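Summary of the model geometry
If you want the building blocks of each chain, they are given just below.
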Amino acid sequence: MFLELRMVSKVYGAFAAVQNFDLKVNKGELICLLGPSGCGKSTTIGMIGGFIPPTQGRIILDSRDITELPANMRPTSTVFQNYALFPHMSVIKNVVYGLKFAGISRKKARRKGKKYLDMVGLAELCDHKVTRLSGGEQQRVALIRSLVLEPKVLLLDEPLSNLDAKLRVGLRREIKQIQSRTGITMLYVTHDQEEALGLADRVVVMNEGRIEQTGPPEEIYKNPCNEFVTSFLGRANFFKNKNGVHEIFRPEELRLSTNEKGECRGKVIQRQFSGNIVTYFVRSESGELLEADMLSPHDPNYDIGDSVEIVFEKKTSPPNP
Amino acid sequence: MKYGETRFGASFFPKGAPFFPSGEKTLYFLILASVFIFILWPIAAVLFKSIFIQGQVDFSEYITLFRNKKYLLGNSVLVSSLATFLSVVLGTCVALYLTHCRGKGKKLIFGVLLLSIISPPFVSSLVYIMLFGRRGLITCKILGLHLNPYGWHGIVLMQTAGFTAIAALLILGILHRVDRNLEFSAHDLGASTLTILRSVTLPLALPGILVAGVVVFIRSLSDFGTPIIIGGKFTVLATQAYLNVVGLYNMPRAAAMCMLLLLPALVAFVIYRRILGRFDYVGTGAQLETGRKRIRLSRGIEIFLALVTWGYITFEILKYGTIFAGAFTRTWGFDFTPTLAHLKTLSGTKLESFFRSLRYAFMAGAIGAVLGVIIAYLLERKKIAGGKALDFISDLPYIIPGPFFGIGYILAFHHPPLMITGTAFIVVVNCIYRQLPISIKSGTAVLKQCDPNFEAAARDLGAGEKNVIKDIVTPLMRPAVLIAFINTFTMTMITIGAIIFLVSPETKVATVDMFGEIKRGRIGAASVLANLIIVTVLAVNLLFSWLYVRKGKKDRD
């Protein structure tokens, strides 16, 4: 096991920010910590990075107990949410700042920094002020500043949350690319389920300081272990079937039809067009409000008030109690 | 969920770093000790002196004060209240004119305000004598009146003239922060401009207005010079405290008077801490607003504000003009022939005093700025034991009346273990600690804008505590040091309230010389000194502001 967190807790007075956090990470794995704000995910990587001393538990990295090691001695590096680029230094100075403490000569450091900057296409911006860069560029500089140290674990604290949606998708791809090229182990904190599902080898869903579920993206999306995980990972219909058992369906698992017999009937209440998909809100005969997604090209174009059959395409497993 | 909320999207440490090497602890202990010795101990010394007479607890000084001299406290509070009210009203008008009116000459107005807060005290009093005195240019020469100008009304007027600028700048600072969209939306909802000012703008600016009130009230309470010069038979507590020290050598009485003076000041201080707990004024520095326009006030209000503002500014310009003219007039009031003769008074000891002032001011500025910024860093970024106490004590000098702080130093440092009265050291230290609240505030203001993650990131990249301080904190704090330096330098150059009690013939400074000349009625010589101080302080201020602006520009490029 490369990185291991053993029953790690952080308690502030009466408030437990993180409780009994237990996780094993393989070398080269990309783990996403996913959860709502205040769930303890940033505290967790803060403890791994050495900024927050844990109240309890051990952190083992590469067979070495690093729990008591100060941040500057740890072979980890953090990319901060707001980048924390030193505003009084140029791009290259920021990038090579950490190399100084690794005992690398100034000339060598500069060469290495440039090489790394080239990886994200920013080598020409070397001597610019960091404050003059765009958000996306700053983000990449922060990433490179950490990567250049070749840390054993790279910690990313919501690194894309300050960027606009389009840029986010591009940078997400870039991070994934860098990860597969360098094979570096990453812990990535986010509250965006789409980001977590798209990036991670494994997702750790957190809530109120505890791990709710851990697993590969597809598995936790399809087999969420409880209602919290279900609704946090995406929209869901909670449906009571004829036998009175609760079942869960994702909107894309519902199909509306007029010429086939479905599970039940319903009335279209609202239609929302959002580009690639069209979402129908349907009130079933038993009074439940259901959402159904149709791909735009296959949109049957129902009107509000239309009566439709609701077909359940494929069932998501019910939550394990 | 308090923690979770503050944590999200913020930093790993809203406060406090994890490791606290012992070198820092030593430094912290030294700073804490110095704050106790140079702030708290002098205050305690005044208290002790007033209640221990010949080794016995004795409240007779207070009894005498309340029996026979009750009018003194009444006079002090009356004059200060009036001056505060007038300054704040005038200041609000000037600030509103600068933010909410269109019109030319705003830069001039702003410049005059800045000039006014860096002028030595008593300039107003000096001008008052020159213009409205028995042989005043306006009352006697132009209007041909023979009035007795001395009395409380003169004090109120001249304090108002002197304090309006600081009030205006403090209020201006908060008016800038009133969201203009709130005013627009009130307007949109149908409110008239007068209603907007009354119901939106001024209530939102109220904390700033109150702070201005507190600052002016305390300064007015501490001012003993103006009543001496133009009060005539009318006298106040601060003046009596001063006279009891320098004339009557009655220390217990002076101490008791100081304590009495502290009473209203403490009330004001409590209000001030309450307000400042929620806002930051000092340190950010007022600026002239540029950019998008605010709502258009109605014609009537605009004309009113313009009249008040320009009335005040005209008086201020007249004031500086008079001072300038006074330096080159043979005998003001009798013989208005131009002359360079007064410049000759600037020889020998006077020039020495002036250069001594400069030296002290540079020293106090440099040391005070560094000290203030270090304390700000400790308070803002480190979880330190006693942080609250340190914060409170170091804030006290802001409200301690000048004479109190001076007399406290005499009493505290007149005998062993720390016998430093009469030295240059005591003067410089007094100025450093007197301005410490502002030095700290300028540090905290800068730190609040700096992400604590800068330091966390440096540690993360491998920097030890030493490198974090050297590579990250020091460069980022440079603007704070600059502001704190300018403030302490300026105040040391122009202050008199506390240090007049501390200077010996060997450590005399320019303001004390100037005060002496005014008291002796040597208007020409006093004017020369006033001009010299004003020009020097102005030059240093401009130089350092230029450095500050240039640095800012370089950072943005």
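Residues numbered from 1 in each chain as written. Chains lettered and ligands numbered in written order. Predicted model: local features only at pLDDT ≥ 70, side-chain atom pairs only at ≥ 80, totals over all residues. Heavy atoms only, no water.

**A closer look at the overall build of chain B**
The helix and strand inventory of chain B stands at 23 helices and 4 strands. For 557 residues, the compact-globule formula gives about 24 Å, and the C-alpha radius of gyration of chain B, at 24 Å, lands near that figure. Projected onto its principal axes, the C-alpha coordinates of chain B cover approximately 75 × 70 × 50 Å. A buried classification covers 58% of the 557 residues belonging to chain B. (Helix = DSSP H or I, 4+ residues; strand = E, 2+ residues; numbered from the N terminus. Rg over C-alpha atoms; globule rule 2.2 N^0.38 Å. Buried < 20%, exposed > 50% of the residue type's maximum accessible area, 1.4 Å probe, protein only.)

**Here's the deal with the confidence of the model for chain B**
All names here are of chain B. Overall, the predicted model of chain B reaches an average pLDDT of 83, with 91% of residues at or above 70. Averaged pLDDT values over the elements of chain B bottom out at 33 in helix α1 (residues 2-7) and peak at 93 in helix α18 (residues 424-434). Here residues 1-20 is a poorly scored stretch, pLDDT under 50, and it has 55 contacts once near neighbours within four places are set aside; other chains count. Model confidence for the complex: the whole-complex pTM is 0.81, and ipTM, which rates the interface, is 0.78. (pLDDT = per-residue confidence, 0-100. Contact = heavy atoms within 4.5 Å.)

**So, the environment of A:Arg173**
All names here are of chain A. Tracing the chain through its elements places arginine 173 in helix α5 (residues 165-182). Look at arginine 173 and you get exposed, because its relative accessible area is 60%. Considering only alpha carbons, one finds arginine 173 and leucine 199, 26 residues apart in sequence, at a separation of 8.1 Å.

**Focus on the nonpolar core**
By size, the foremost hydrophobic cluster in this structure holds 222 residues, and its most contacted members are A:Phe21, A:Phe86, A:Leu187, B:Val35, B:Ile375, B:Tyr409 and B:Tyr433. Setting aside its immediate chain neighbours within four residues, B:Val35 contacts B:Leu40, B:Ile375, B:Leu390, B:Ile393, B:Ser394, B:Tyr433 and B:Leu436. Judged by nonpolar contacts, the second largest core, of 46 residues, contains A:Leu160, A:Tyr188, A:Leu199 and A:Ala200. (Core = buried A, V, L, I, M, F, W, Y, C linked by side-chain atoms within 4.5 Å.)

**A look at the sheet that holds strand β6 (residues 76-79) of chain A**
Residues and elements named next belong to chain A. As summarised here, the arrangement of the 6 strands in space is β6-β7-β8-β3-β9-β10, forming an open sheet in which the pairing is mixed. Every interior strand has two partners, whereas the edge strands, β6 and β10 (210-215), have only one. Each adjacent strand pair in this sheet contributes to an overall mean axis angle of 20°, direction not counted. Across 4 bridges, strand β3 (residues 30-34) lies against strand β9 (residues 202-207) in parallel orientation. Looking at the pairing, cysteine 32 lines up with valine 203 of β9. Sheet strands touched by helix α4 (residues 135-147): β6 and β7 (153-157). Its angle to β6, the strand with the most contacts, is close to 175°. (Pairing = 2+ DSSP bridges. Axes fitted to C-alpha atoms, helices over the stretch in contact; angles between N-to-C directions.)

**So, the domain arrangement of chain A**
The domains assigned to chain A are domain 1 (3-229) and domain 2 (236-312). Each of domain 1 of chain A and domain 2 of chain A has a C-alpha centre, and the two are 40 Å apart. (Domains from an automatic or database assignment.)

**Examining the pattern of salt bridges**
All names here are of chain A. For the structure shown, the criterion picks out 30 salt bridges over all chains. Here lysine 152 ties to aspartate 62 by a salt bridge, and the two come within 3.2 Å at their closest N and O atoms. Here lysine 152 is found in the loop between α4 and β7, whereas its partner aspartate 62 is found in the loop between β4 (56-61) and β5 (64-65), with 90 residues between them in sequence. Taking relative accessible area as the criterion, aspartate 62 reaches 34% and is therefore assigned partly exposed. Put simply, glutamate 309 and arginine 265 hold a salt bridge, and the shortest N to O gap is 2.7 Å. (Salt bridge = Lys/Arg side-chain N within 4 Å of Asp/Glu carboxyl O.)

**Considerations on the sheet that holds β5(A)**
All names here are of chain A. The antiparallel open sheet is built from 4 strands, whose spatial order is β2-β1-β4-β5. At either end of the open sheet lies a strand with only one pairing partner, and these are β2 (15-25) and β5. Sheet analysis places strand β1 (residues 3-12) next to β2, joined by 7 bridges and oriented antiparallel. Note that in β2 the partner of leucine 5 across the bridge is leucine 23. Each of β1, β2 and β4 is contacted by helix α1 (residues 41-49), which is oriented at about 115° to β1, the strand it contacts most.

**Considerations on unusual backbone geometry**
Residues and elements named next belong to chain A. Even without being a glycine, serine 63 presents a positive backbone phi close to 60°. Within the secondary structure, serine 63 sits in the loop between β4 and β5. By relative accessible area, serine 63 is classed as exposed at 69%. Within the chain, tyrosine 83 stands out as a residue other than glycine whose phi angle is a positive 75°.

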